[in-house]
Amino acid sequence: MIARLQRELFDPRTYGRIGYLLVAGLLGVTEFVFLVTAISLGVGLAITLIGIPILILSVYAWGGLAEGERRIIAALTGTIIPNPYRPVTEGASRWGRLRARLADPATWKDLTFLLLQFPFGLVAFIVTVVVLSIGIHGVALPLWYWAVPGGVDYGFFRVDELWEALVMLPLGAVALLVGIPALSALGRLYTGYAEVLLGSNVDPAVTAQMTDLRDARSRIIEAADSERRRIERDLHDGAQQRLVALALTLRMAEKRAAEGDAEATELVRRAGDEAGLALKELRDLARGIHPAILTNRGLPAALDDLAGRASLPVEVVAAPGERLPDQVEAAAYFVVSECLANIDKHAQATTATVAVTPRDGDLLVTVTDDGVGGAALGDGSGLQGLQDRVGALDGTLAVESTPGKGTQVRATIPLVERVPSAGHVPRPLLSDAEAAALQARRRHGLRVRSSLQGCAALVILAVWALTGAPNAWPAWPLLGMGLAVALDAWGVLGNPPARRSDFHGEPNARALQRRRGVRATAGKLAIVNLFLIGIWLAGGAGYFWPAWVMLGSVVALALKAAPWSHAWLERVQGAP
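A short tour of the structure in this document, coming up.

Reading the values: rules and limits
- Residues numbered from 1 in each chain as written.
- Predicted model: local features only at pLDDT ≥ 70, side-chain atom pairs only at ≥ 80, totals over all residues.
- Heavy atoms only, no water.
- Pairing = 2+ DSSP bridges.
- Helix = DSSP H or I, 4+ residues; strand = E, 2+ residues; numbered from the N terminus.
- Axes fitted to C-alpha atoms, helices over the stretch in contact; angles between N-to-C directions.
- Contact = heavy atoms within 4.5 Å.
- Phe/Tyr/Trp six-rings, centres within 6.5 Å; stacked < 30°, edge-to-face > 60°.
- Buried < 20%, exposed > 50% of the residue type's maximum accessible area, 1.4 Å probe, protein only.
- Lys NZ or Arg CZ within 6 Å of the ring centre and 35° of its normal.
- Parallel < 35°, antiparallel > 145°, perpendicular 65-115°, else oblique.
- Left-handed = near helix turned anticlockwise from the far one by under 90°.
- Nonpolar A, V, L, I, M, F, W, Y, C, P; charged D, E, K, R; others polar.

## Quick notes on the sheet that holds strand β4 (residues 352–359)
- Ordered in space as β3-β4-β5-β7-β6, the 5 strands form an open sheet in which the pairing is mixed. At either end of the open sheet lies a strand with only one pairing partner, and these are β3 (314–318) and β6 (396–400). Adjacent strand axes in the sheet meet at a mean angle of 15 degrees, parallel and antiparallel pairs treated alike.
- Across the sheet, helix α10 (residues 299–309) touches β3, β4 and β5 (362–369), and the angle it forms with β3 is around 160 degrees.
- Each of β3, β4, β5 and β7 (407–414) is contacted by helix α11 (residues 326–347), which is oriented at about 10 degrees to β5, the strand it contacts most.

Take a look at the structure:
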């Protein structure tokens, strides 16, 4: 414990952290006054359109203030907080840059930190000043107590004699020896809090998913290289050798036919056999890349073809009765093909069954055998490649293989294609469990953000009350904060993540996405209109000018809901 206190006392970063605690209070007051003034002025003048540029400048201003906080923290504490803002596309317009800034969570995290810097920074400043004052005052008492007539007050004691000052000196020294490390710990805590709001936060679930994707990508690249080598080897050792033999046989037949040899006919027949075998090998090779029967006749015919070419009796007990998306059919085909190949090589089975059934928006592929069992994922078998192939379509692969009781491979592949969002960026559809987990995280984030906004609102009301409540100026920042909280809540509660089950039985995925977009727009317009009505009430409730905005919102919502508007937009964007 003593060694730790000594390290803290002689560590330069300790005093940098204490310096930041002192600066935080001054920065918090300055930033809070600026932001409240700018945002209130912008919101109050928004109806005259003058406030809109003020609000836009405020957004960039608080970004600059937050960047200044990051630099001050780095200079004083040594903790470097990287800029968390997402990179903006090169060549983006000013409006595009503004939209990107408003859509970036870092913008609102910066605002939250700057608003909370006032109460938290003020508390940190007061605590630091009190601790340092007690320690320095006690240590310096013997030097200046005599300069004050009547003595100096030190806590509950009055010091007017030298011996009293010498007695207080150890108390001041102890206060410094204990208080400085304690203030350093407070500085570390404050810096960690600043890192949470001013830095970028990594979602553990997203990190795990990215790790899985990187691993899958490496395995897919390795499998693709191995497949290319296999194709090259098969071409070189199989069809190529037969074609060379065919060419030699035809030349010999040509030579003997020119000489009138009767064996020329036999050579031509042998050349025909070689050509047939080469053609068969090329067809088998092409079938391994992508079978033509799957493209031309669909999955049921391709499954029957696989069962017919298997080395053991295979029964196709279920197959879809209609065509499915191409990537789904291809994934199901190769799952069955690889499973049958593994059964032939390793299972020592006598029979196998294949079932491919659409169910609840997914395609269930089940391959069962009565072999020796013992198969597992991740042991270097072809099952790992199948898992990567199915995972690329947001599907899953499971294996049940008890030794001596056979093996069952079950693949679940989503039937719904990924629905393109604006800008044609794929948006993966989630399962019900994944969507529920994501929505739970979003709700938790909403509660945290709402709580922080509520704390900021209480601070505003406290400042208003402590200044004598001269007028109703808190109504303006509270209206702005209420707008932000309401839009945030609607974005989380009114627009949950799309699930695969939402598209079950829906013939037109785009139509469902459009309905979701119309609902989201309707909620946002309703919130904005309520916000404007609040401004009207706070401004004296005179002429009801929000009626015009409400009329415009109804027209905009009607245009948004019109089917022809979406068709026109898709034609402009080049959507299929």
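Here the narrative resumes.
## Some thoughts on the packing of aromatic side chains
- A full pass over the atoms with the stated rule returns 7 aromatic pairs.
- Both rings, one in Phe113 and one in Tyr193, keep their centres 5.5 Å apart while their planes meet at 35 degrees; by these two values the pair is tilted. Within this pair, whereas Phe113 is found in helix α5 (residues 105–144), its partner Tyr193 is found in helix α6 (residues 162–198), the two being separated by 80 residues in sequence. Accessibility assignment for this pair places Phe113 and Tyr193 in one class, buried.
- Between Phe120 and Tyr193 the ring centres are 5.6 Å apart and the planes differ by 75 degrees, which places this aromatic pair in the edge-to-face class. Taken together, the positions of Phe120 in helix α5 and Tyr193 in helix α6 put the pair 73 residues apart, joining distant regions of the chain.
- Three or more aromatic residues link up through ring pairs in this structure, and these residues are Tyr20, Phe113, Phe120, Tyr190 and Tyr193.
- The ring of Tyr85 has Arg101 sitting right over it, with the charged end atom 4.4 Å from the ring centre.

## Focus on the packing of helix α3 (residues 51–77) against helix α4 (residues 94–103)
- It is at 11 Å that the axes of α3 and α4 come closest, and there the two elements cross at 60 degrees. It follows from the interaxial angle that α3 and α4 lie oblique. As for how α3 packs across α4, the hand of that crossing is left-handed. Residues Ile56, Val59, Tyr60 and Gly63 of α3 form the contact with α4, whose participating residues are Arg97, Leu98, Arg101 and Leu102.
- Considering only residue class, the contact of α3 with α4 consists of 5 nonpolar, 1 polar and 2 charged.

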